[in-house]
Amino acid sequence: VYVHWPFCAAKCPYCDFNSHVRHQPVDQERFALAFATELKSMRERTGPREVTSIFLGGGTPSLMKPETVGAVLEAVAANWTVPAGIEVTLEANPSSVEAERFRGYRAAGVNRVSLGVQALNDADLKFLGRLHNVADALHAIRLAREIFPRLSFDLIYARPGQTLEAWEAELEEAIGHAADHLSLYQLTIEEGTPFHVLHRAGKFAIPDPDLAADLYQLTQAVTASHGAGSRRERSPA
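Summarised in this report is the structure supplied together with it. Just so we're clear, the structure is a prediction, and the values are computed from it rather than from any experiment.

What counts and how
Residues numbered from 1 in each chain as written. Predicted model: local features only at pLDDT ≥ 70, side-chain atom pairs only at ≥ 80, totals over all residues. Heavy atoms only, no water. Phe/Tyr/Trp six-rings, centres within 6.5 Å; stacked < 30°, edge-to-face > 60°. Helix = DSSP H or I, 4+ residues; strand = E, 2+ residues; numbered from the N terminus. Buried < 20%, exposed > 50% of the residue type's maximum accessible area, 1.4 Å probe, protein only. Expected span 1.5 Å × (residues − 1). Arc of directions from axis to C-beta. Contact = heavy atoms within 4.5 Å. Polar contact = N/O pair within 3.5 Å; in protein donor to acceptor, adjacent residues only side chain to side chain. Axes fitted to C-alpha atoms, helices over the stretch in contact; angles between N-to-C directions. Parallel < 35°, antiparallel > 145°, perpendicular 65-115°, else oblique. Left-handed = near helix turned anticlockwise from the far one by under 90°. Nonpolar A, V, L, I, M, F, W, Y, C, P; charged D, E, K, R; others polar. Salt bridge = Lys/Arg side-chain N within 4 Å of Asp/Glu carboxyl O. Core = buried A, V, L, I, M, F, W, Y, C linked by side-chain atoms within 4.5 Å.

### Focus on the packing of aromatic side chains
Each pair of aromatic rings is reported with the distance of its centres and the angle of its planes. Applying the stated criterion across every chain, the model contains 13 aromatic pairs. Seen from their ring centres, F102 and F148 are 5.1 Å apart, and the 80° between their planes marks the pair as edge-to-face. Of this pair, F102 sits in helix α3 (residues 99-108) while F148 is found in the loop between α5 (134-147) and β7 (150-157), placing the two residues 46 residues apart along the sequence. Where F127 meets F204, the ring centres are 5.2 Å apart and the plane angle is 80°; that geometry is what we call edge-to-face. Of this pair, F127 sits in helix α4 (residues 122-127) while F204 sits in the loop between α7 (194-200) and α8 (209-225); the two residues are 77 residues apart in sequence, bridging distant segments of the chain. On the accessibility criterion, F127 (26% relative accessible area) is partly exposed. For F204, a relative accessible area of 12% corresponds to the buried category.

Here it is in structure tokens:
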């Protein structure tokens, strides 16, 4: 079951996902009721099923109150069979991480957090429009490790000016922090985004196809050397 929370504190310039910035507080109780209505509608389409995993994505689901997350998970369980111990993931941005909120998510039933770290370099985080810095990211990683049984985080590579040597060092550092899983995405320029306008105007350049391929092959080699593989996907939210 995938549940989409479409709100963010800021819209990243590379993102063309269904996410929006609200300058007024979101009526979370109303949204929780809307999710419950939609889940009931989906139950009528699917019939009885056994849930194998739940993923709360976005947007920035870590902007939800723990009570909202709890209500959504209860609505899922009201419509389908939810076995004990299945993976329940919530995406979180390091800038919206609070220990009390994380503990609230854990109490609500979340057992895996996916952090949108995106880079371990403050200059590149600023370029990517992220609201956190490296110190915030590492704090979030440490906190998530303390509270949740499982942890993953995202990184974007093939950033402007990124060299093979710099990416290898960053990837090795990330693997040193990763508890379970890394999601590694090559930066893509999507139509309708600020990056598309800036890239078309020549304001910045991403690695050419040959270097991008080399970065991908390096990603494969480094992750394989640590006993894992990788697959090519588009940039995350």
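### Describing α8
With 17 residues, α8 ought to run about 24 Å at 1.5 Å a step, and its terminal C-alpha atoms sit 24 Å apart, in line with that. Those residues of α8 that sit buried are A212, L215, Y216, L218, T219, V222 and T223. Within α8, the buried residues cover an arc of 160° as seen down the axis, which keeps them to one side. α8 presents P209, D210 and S225 as exposed residues on the side facing more than 90 degrees away from its buried surface. Where α8 is buried, its residues contact β7, α6 (164-177) and β8 (181-186). The N-cap of α8, judged by a side-chain oxygen 3.0 Å from the amide nitrogen of D210 a few residues on, is D208. A positive backbone phi angle near 85° is found at G227, which sits one or two residues after α8.

### Thoughts on the packing of helix α1 (residues 28-46) against helix α2 (residues 66-79)
The contact between α1 and α2 brings their axes to 9 Å, and the two run at 15°. Considering the angle they form, α1 stands roughly parallel to α2. Here α1 and α2 pass one another in a crossing that is right-handed. Counted together, Q28, A32, F35, A36, L39, K40 and R43 of α1 and T68, A71, V72, A75, V76 and N79 of α2 form the full contact between these two elements. Of the residues belonging to the contact of α1 with α2, the class tally is eight nonpolar, three polar and two charged.

### Concerning the pattern of salt bridges
If you walk through the whole model with that rule in mind, you get five salt bridges. Its salt-bridge partner being R112, residue E87 comes within 3.9 Å of it at the nearest N-O pair. Placement of E87 in strand β5 (residues 87-92) and of R112 in strand β6 (residues 112-118) is noted, with a sequence separation of 25 residues between them. Accessibility expressed as a relative area gives 30% for E87, which makes it partly exposed. With a shortest N-O distance of 2.6 Å, E170 and R159 are connected by a salt bridge. Within this pair, whereas E170 is found in helix α6, its partner R159 is found in the loop between β7 and α6, the two being separated by 11 residues in sequence. Grouping residues by exposure puts E170 and R159 together as buried. Each of E87, R112 and R150 takes part in salt bridges that share partners, so that together they form one network.

### Quick word on the nonpolar core
With 63 residues, the main nonpolar core has F102, L115 and F153 as its most contacted residues. Every residue in contact with L115, bar those within four places of it in the chain, is listed here: A92, V97, F102, A140, I141, A144, L151, S152, F153 and D154.

Any link to function would need more than the numbers given here.
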